[in-house]
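Architecture and fold: a report
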Amino acid sequence: MPGGLLTIDLGAIVANWRALDAKTADTVETGAVIKADAYGLGVRPVGRSLQKAGVTTFFVALADEGVALRQAIGPATRIFVFSGYMRGDENAFVEFDLTPLLNNADQITRFLIDRQGATCGLQLDSGMNRLGLEREELNSIMDKMPALDQVLVMSHLACADEFEHPQNAAQLVAFNEMAARLPACQRSLAATGGILLGADYHMNLTRPGIGLYGGDPFMDARPVVKLSLPIIQTRPVAVGESVGYGAAWIATCPSIIATVAGGYADGLIRAMGQDASLYAGDIRCPIVGRVSMDLITVDITDLAEIPTSLDILNTTQTVDVLAKTAGTIGYEILTSLGNRYKRVYKD
Ligand SMILES: *Cc1c(COP(=O)(O)O)cnc(C)c1O
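If you're wondering where the values come from, they're calculated on a predicted model, not measured in any experiment.

Some details on the packing of helix α1 (residues 10-21) against helix α3 (residues 43-53)
Running from N to C, α1 and α3 cross one another at 45°; their axes reach a closest spacing of 10 Å. Here α3 runs oblique to α1, going by the angle between their axes. Helix-helix and strand crossings are classified by hand; for α1 and α3 the assignment is right-handed. Contacts between α1 and α3 involve Leu-10, Ile-13, Val-14, Trp-17 and Arg-18 on the former and, on the latter, Pro-45, Val-46, Ser-49, Leu-50 and Ala-53.

In C-alpha cells:
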C-alpha cells in the first residue's frame, strides 16, 4: 500500500530565494538556512538547487547537518553552524570544513586551543537570550579577539514576524553597538522576517529560512509543498453512526467517509483535528473524527466522483493554514513531515 505523495517544488524554493534576494541591495549577500534537513524537505536536493542558483553561504543548526550538506554540495561554499563549537564535533569541523558561530567564552577558548588561525564567526545576544555572547561577556574576552579569524558577527531577532514590535529596533541598536567592537567582520541580523523589516536590518548578509520554503511571514512566497494522501477505503455512514477513536464524530446526515493513508506519525498532528480539511482539486472535504497514527477519515459526501487521493497541503491549504488549525506555525508542520511519504522533487 503506498503512503502519501509529497511533491517538493525546488523551482519554487529557488524562486523564493531570488525574490528575497531582490528585496535587499546588490551589495547584500543572501544566504540560506537549511537546518533540520532543509526544514524537513531534504538537505541534499534543496542544498544543491540553492547552490546552483547562486547561494554561497549556508547555515545549519548542528555540525552533523553541516556534514550532510557538505557531502551534498562539495567544497567551496561556506557552511556556518549556529550551535557553534560543541564538544564531540571537533573533527567534523576540520574534516568537512564547517565554520562555527561561537556562542560563549568556553567555545571561544576551546576553538582557539584546537584551531588557532581557522575561520570562525561569532554569535551575539542582542536581546533574545537564547544563543550568543552577551555584552559583558564580549567585553571580558575582547583580549582574545585578535587571535581569532572571525569573519562574521551575527545575532537573531526574537520578534521579526511582528513588524511593529519595539524589540526589533531595540535589538538592531544593541547588535550594532556590539558589532562595532569587531569592525572587520561582516554583519548579519536578518532571517526571513528581518529581510521584510527593511534595509537597516540587511547589513552584509541575510539568513532566510522559512521564506524559502513557502511560509509566513514572507506572504509573497510561492508554495513549495503539495501532499496527497491515497484513499484506502470509502464507506457510507448512516445517521447516528460514529467515525474513529472515541466515537468523536457522529453523522447527522447520510455521509460517505473516505479513509486516507496518513496520520500523526506522518506529522499530520492530532491537534489539527476537525478544523482541517482535505481537498479533491478545489473541493474542500472536512476531516471527521480524530486523526489516528496512520489514518485520517474525511467526509467526501459532496464529491461527484471518488478520487484516488485527497490533498492535505496545496496552494489553498498551505503549511500556515494547516498549522493554524492545530494552533501551531508552518515551521512545525514542515519540519514534522514524516519519512513515510514518497517524495518527488520538481525543478
Ligand atoms: C532558523 C534561523 C534562521 C532562519 O529563520 P527563518 O525565520 O526561518 O527565516 C536564521 N537565523 C537563525 C539564528 C536561526 O536559528
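So, next bit.
Here we look at the packing of α3 against helix α4 (residues 63-73)
Helices that pack against each other are described as a pair by the angle of their axes relative to one another and the distance between those axes. Two elements in contact, α3 and α4, have axes whose closest approach is 9 Å; the angle formed by their N-to-C orientations is 55°. By the angle class used here, α3 and α4 are oblique. Considering the relative orientation of α3 and α4, their crossing is right-handed. The residues of α4 that touch α3, namely those facing Val-43, Arg-44, Gly-47, Arg-48 and Gln-51, are Ala-68, Leu-69, Gln-71, Ala-72 and Ile-73. Counted by class, the contact of α3 with α4 contains five nonpolar, three polar and two charged residues.

Considering the environment of Gly-338
Locating Gly-338 in the fold gives a position in the loop between α11 (330-336) and β19 (342-346). In sequence terms Gly-338 and Phe-82 are 256 residues apart; their C-alpha atoms lie 24 Å from each other. When residues no more than four places from it in sequence are discounted, the contact partners of Gly-338 are Asp-266, Gly-267 and Arg-343.

Let's talk about the environment of Ser-255
Relative to the helices and strands, Ser-255 is located in strand β14 (residues 255-261). Here Ser-255 falls in the buried class, since its relative accessible area comes to 3%. As for Ser-255 and Asp-299, which are separated by 44 residues in sequence, their C-alpha atoms are 6.9 Å apart. Residues within four places of Ser-255 in sequence aside, it is in contact with Arg-235, Pro-236, Val-237, Trp-249, Asp-299 and Thr-301.

Observations concerning the site of the ligand
In the region of the ligand, 14 residues are neighbours, and Lys-35, Tyr-39, Thr-192, Ile-210 and Tyr-331 sit closest. In this structure, an oxygen atom belonging to the ligand sits 2.5 Å away from a side-chain N or O atom of Tyr-39. Surface burial for the ligand is 92%, taken as the share of its 380 Å² of free accessible area covered by protein chains. Placement of the ligand is best described as lying within the largest pocket. Split into classes, the residues belonging to the shell around the ligand amount to eight nonpolar, three polar and three charged.

Quick notes on empty space enclosed by the protein
Under the defined criterion, the tally for this structure stands at two cavities of 30 Å³ or more. Taken as a whole, the largest cavity spans an internal volume of roughly 60 Å³. Every residue along the wall of the largest cavity is listed here: Tyr-213, Gly-214, Pro-223, Val-224, Val-225, Leu-313, Asn-314, Gln-317, Thr-318 and Val-319. For the lining of the largest cavity, the class distribution of residues is six nonpolar, four polar and no charged. There is about 50 Å³ of room inside the second largest cavity.

Notes on the pattern of salt bridges
Overall, the coordinates contain eleven salt bridges when judged by the stated rule. Across the pair Arg-222 and Asp-9 runs a salt bridge, and its minimum N-O distance is 3.8 Å. Note that Arg-222 is positioned in the loop between β10 (205-206) and β11 (225-237) and Asp-9 in strand β1 (residues 5-9), a separation of 213 residues in sequence. One salt bridge in this structure joins Lys-346 and Asp-9, with 3.9 Å as the shortest N-O distance. With Lys-346 in strand β19 and Asp-9 in strand β1, this residue pair connects regions lying 337 residues apart in the sequence. Its relative accessible area of 13% is what places Asp-9 among the buried residues. Taken together, the shared-partner salt bridges connect Arg-87, Glu-90, Asp-106 and Arg-110 into one network.

Considering the packing of aromatic side chains
This structure, assessed with the given rule, holds six aromatic pairs. Judged by centre distance (5.4 Å) and plane angle (55°), the ring pair of Tyr-85 and Phe-93 falls under tilted. Judged by relative accessible area, Tyr-85 falls into the buried class, the value being 1%. What links up through ring pairs into an aromatic cluster is the set Tyr-39, Tyr-213 and Tyr-331.

Rules behind the numbers
- Residues numbered from 1 in each chain as written.
- Predicted model: local features only at pLDDT ≥ 70, side-chain atom pairs only at ≥ 80, totals over all residues.
- Heavy atoms only, no water.
- Axes fitted to C-alpha atoms, helices over the stretch in contact; angles between N-to-C directions.
- Helix = DSSP H or I, 4+ residues; strand = E, 2+ residues; numbered from the N terminus.
- Parallel < 35°, antiparallel > 145°, perpendicular 65-115°, else oblique.
- Left-handed = near helix turned anticlockwise from the far one by under 90°.
- Contact = heavy atoms within 4.5 Å.
- Nonpolar A, V, L, I, M, F, W, Y, C, P; charged D, E, K, R; others polar.
- Buried < 20%, exposed > 50% of the residue type's maximum accessible area, 1.4 Å probe, protein only.
- Near = heavy atom within 4 Å.
- Polar contact = N/O pair within 3.5 Å; in protein donor to acceptor, adjacent residues only side chain to side chain.
- Areas by Shrake-Rupley, 256 points an atom, 1.4 Å probe, with all protein chains shown as cover.
- 1 Å grid on protein atoms, 1.4 Å probe; cavity = no way out; pocket = protein on both sides within 12 Å on 5 of 7 lines; lining within 4 Å.
- Sits in = over half its atoms within 2 Å of the grid points.
- Points joined across faces, edges and corners; volume = space filled by probe spheres on them.
- Salt bridge = Lys/Arg side-chain N within 4 Å of Asp/Glu carboxyl O.
- Phe/Tyr/Trp six-rings, centres within 6.5 Å; stacked < 30°, edge-to-face > 60°.

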